Amino acid sequence: MSRRLLLRWSVAASVTLLCAFVLVKYFDLHQIVRTILASDRRFILIGAFISAVTINLRAFRLCLCVSGKLVSPLIPVAYIYNALSALLPAKLGEVTLPLLLRHRAKTSISIGVGVLVLLRLLDLLSLALIGSLMTAIAVYPADTTLGLVALAGTAASAVSLSALLIVGPALARTVAKHGTSKLPPVRLASRIASPIACMSRRRLAKLLMLSLAVWVSLFASFVALSHATLGQVAVFQIGAAGTAASLAFAIPASAIANVGPFQAAWVWVLVTFGHAPSPALAS
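Residues numbered from 1 in each chain as written. Predicted model: local features only at pLDDT ≥ 70, side-chain atom pairs only at ≥ 80, totals over all residues. Heavy atoms only, no water.

Novice: Where do I start with the overall build of the protein in this structure?
Specialist: Looking only at helices and strands, the protein features twelve helices and zero strands. Helices and strands appear in the protein in the N-to-C order α-α-α-α-α-α-α-α-α-α-α-α. Scaling as 2.2 N^0.38, a compact globule of 283 residues should have a C-alpha radius of gyration of about 19 Å, and the protein matches this with 20 Å. Its C-alpha atoms put the protein at 60 × 45 × 35 Å along the principal axes. (Helix = DSSP H or I, 4+ residues; strand = E, 2+ residues; numbered from the N terminus. Rg over C-alpha atoms; globule rule 2.2 N^0.38 Å.)

So this is what it looks like as structure tokens:
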């Protein structure tokens, strides 16, 4: 474990140096600062409010996933976990959720990992559904092929979410039955599957709807904060940038505050839509 942590911190340090070099070499720091200082404060306040809504939606979702209630003593756990995920480099914040749940909810580490896997799966499918649809609208008809690929991603995500809702609990219960297997990987899989195995389809549907609400709220904050710096930027262009950035956010190679892949993907997409690099980074 210590070697893995050391490796991740080494990656984070390397990415930090690389980001500093790219920032100084290819961006106008004065323009970035001027753009931020000249931001429309109304949109900043709106974006901050929506971001707070997003954080609370995530908290409600965690409570529903673990305890079956929207509001429970686990809300502080969600706040701490989200803060650590946002601040710690190289996705180190992800490993804190099972530890926090073990301390607060008295769950085992493997069940905590199962909760994390379920939430991340819902996040991925919800992002793919909403993000691919916004991307398709943003690029069509300028790039018909990419637009059709994005629409196919939307359809695939919808089918996957439906399949998870219909067969997910039953499949998880089948896997969870092998908790006494002599094979360690099978026992681990059974413990990881146990959170969804204990859920009713109705509860899973609520989790799915909350996940979609989380991502709608998050994209709304992207749009508001981008309007603060870029002015009248197209909503669906921001959706495409947010999709690429959110997917890149999953890459475990970032500096402190997850600087790195997220910003690179964001800027790259906005530049392809005709925005200048420095204002794109400022947003």
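What follows continues from the structure just given.
Novice: How should I be thinking about helix α7 (residues 144-176) in this particular structure?
Specialist: An α-helical segment advances 3.6 residues per turn. Residues three or four places apart therefore align on the same side. Taking 1.5 Å as the rise per residue, α7 with 33 residues should run 48 Å; its terminal C-alpha atoms sit 44 Å apart, in good agreement. Residue Val167 marks the point of greatest curvature in α7, where the axis turns by about 55 degrees; the proline Pro169 follows within four residues. Of the residues making up α7, those classed as buried are Gly147, Ala150, Thr154, Ser157, Leu161, Leu164, Gly168, Pro169 and Ala172. For α7, the secondary structure elements touched by its buried residues are α6 (109-139), α8 (184-197) and α9 (201-230). (Expected span 1.5 Å × (residues − 1). Bend = angle between axes of the 7 residues up to and from the residue. Buried < 20%, exposed > 50% of the residue type's maximum accessible area, 1.4 Å probe, protein only. Contact = heavy atoms within 4.5 Å.)

Novice: When you look at the packing of α6 against α7 in this model, what are you seeing that I'm missing?
Specialist: A packed helix pair is summarised by two numbers, namely the angle formed by the two axes and the spacing between the axes. Where α6 contacts α7, the axes come no closer than 8 Å and their chain directions differ by 155 degrees. Comparing the axis directions of α6 and α7 gives the class roughly antiparallel. Our pair here, α6 against α7, has a crossing hand that is left-handed. Here Leu121, Leu122, Leu125, Ala128, Leu129, Ser132, Leu133, Thr135, Ala136 and Val139 of α6 come into contact with α7, specifically with Leu146, Gly147, Ala150, Leu151, Gly153, Thr154, Ser157, Ala158, Ser160, Leu161 and Leu164. For the contact of α6 with α7, a count of residues per class yields 14 nonpolar, seven polar and no charged. (Axes fitted to C-alpha atoms, helices over the stretch in contact; angles between N-to-C directions. Parallel < 35°, antiparallel > 145°, perpendicular 65-115°, else oblique. Left-handed = near helix turned anticlockwise from the far one by under 90°. Nonpolar A, V, L, I, M, F, W, Y, C, P; charged D, E, K, R; others polar.)

Novice: Which parts of the structure should I look at to understand the packing of aromatic side chains?
Specialist: Going through the model one piece at a time under the given rule, you end up with six aromatic pairs. Here the aromatic rings of Phe262 and Trp266 are separated by 6.4 Å at their centres, their planes lie at 10 degrees, and the arrangement is stacked. Separated by four residues within a single helix, Phe262 and Trp266 lie in helix α11 (residues 261-272), roughly one turn from each other. Here Trp266 falls in the buried class, since its relative accessible area comes to 6%. (Phe/Tyr/Trp six-rings, centres within 6.5 Å; stacked < 30°, edge-to-face > 60°.)

Novice: Any chance you could explain the layout of surface pockets here in plain terms?
Specialist: Rolled over the atoms, a probe as big as a water molecule pinpoints where empty space is left. Quantified by volume, the largest pocket comes out at close to 1,200 Å³. Forming the boundary of the largest pocket are 34 residues, of which Arg58, Leu218, Phe222, Phe249 and Phe262 lie nearest the centre. If you list the elements that add at least two residues to the lining of the largest pocket, you get α3 (41-67), α4 (75-87), α6, α9, α10 (235-249), α11 and α12 (277-282). Residue composition of the lining of the largest pocket, by class: 19 nonpolar, ten polar and five charged. (1 Å grid on protein atoms, 1.4 Å probe; cavity = no way out; pocket = protein on both sides within 12 Å on 5 of 7 lines; lining within 4 Å. Points joined across faces, edges and corners; volume = space filled by probe spheres on them.)

Novice: Even after reading the chapter, I still don't get the environment of Arg102, so can you show me in this structure?
Specialist: Following the sequence through the fold, Arg102 ends up in helix α5 (residues 96-104). Separated by 135 residues in sequence, Arg102 and Gln237 place their C-alpha atoms 41 Å apart. Setting aside its immediate chain neighbours within four residues, Arg102 contacts Thr107 and Ile109.

Novice: Looking at this structure, I do not really get the environment of Val53. What am I missing?
Specialist: Among the structural elements, Val53 can be located in helix α3. Sequence separation between Val53 and Ala213 is 160 residues, and the spatial gap between their C-alpha atoms is 9.9 Å.

Novice: Is there a simple way to think about the packing of α5 against α6 in this case?
Specialist: Viewed as axis vectors pointing N to C, α5 and α6 meet at an angle of 130 degrees, and their least axial separation amounts to 8 Å. Between α5 and α6, the interaxial angle falls into the category oblique. Considering only the axes of α5 and α6, their crossing is right-handed. Between α5, through Leu97, Pro98, Leu99, Leu101 and Arg102, and α6, the contact on the second element is made entirely by Ile109, Gly112, Val113, Val115, Leu116 and Leu119. Looking at the contact of α5 with α6 residue by residue, the class counts come to nine nonpolar, one polar and one charged.

These figures come from the coordinates and say nothing about function on their own.
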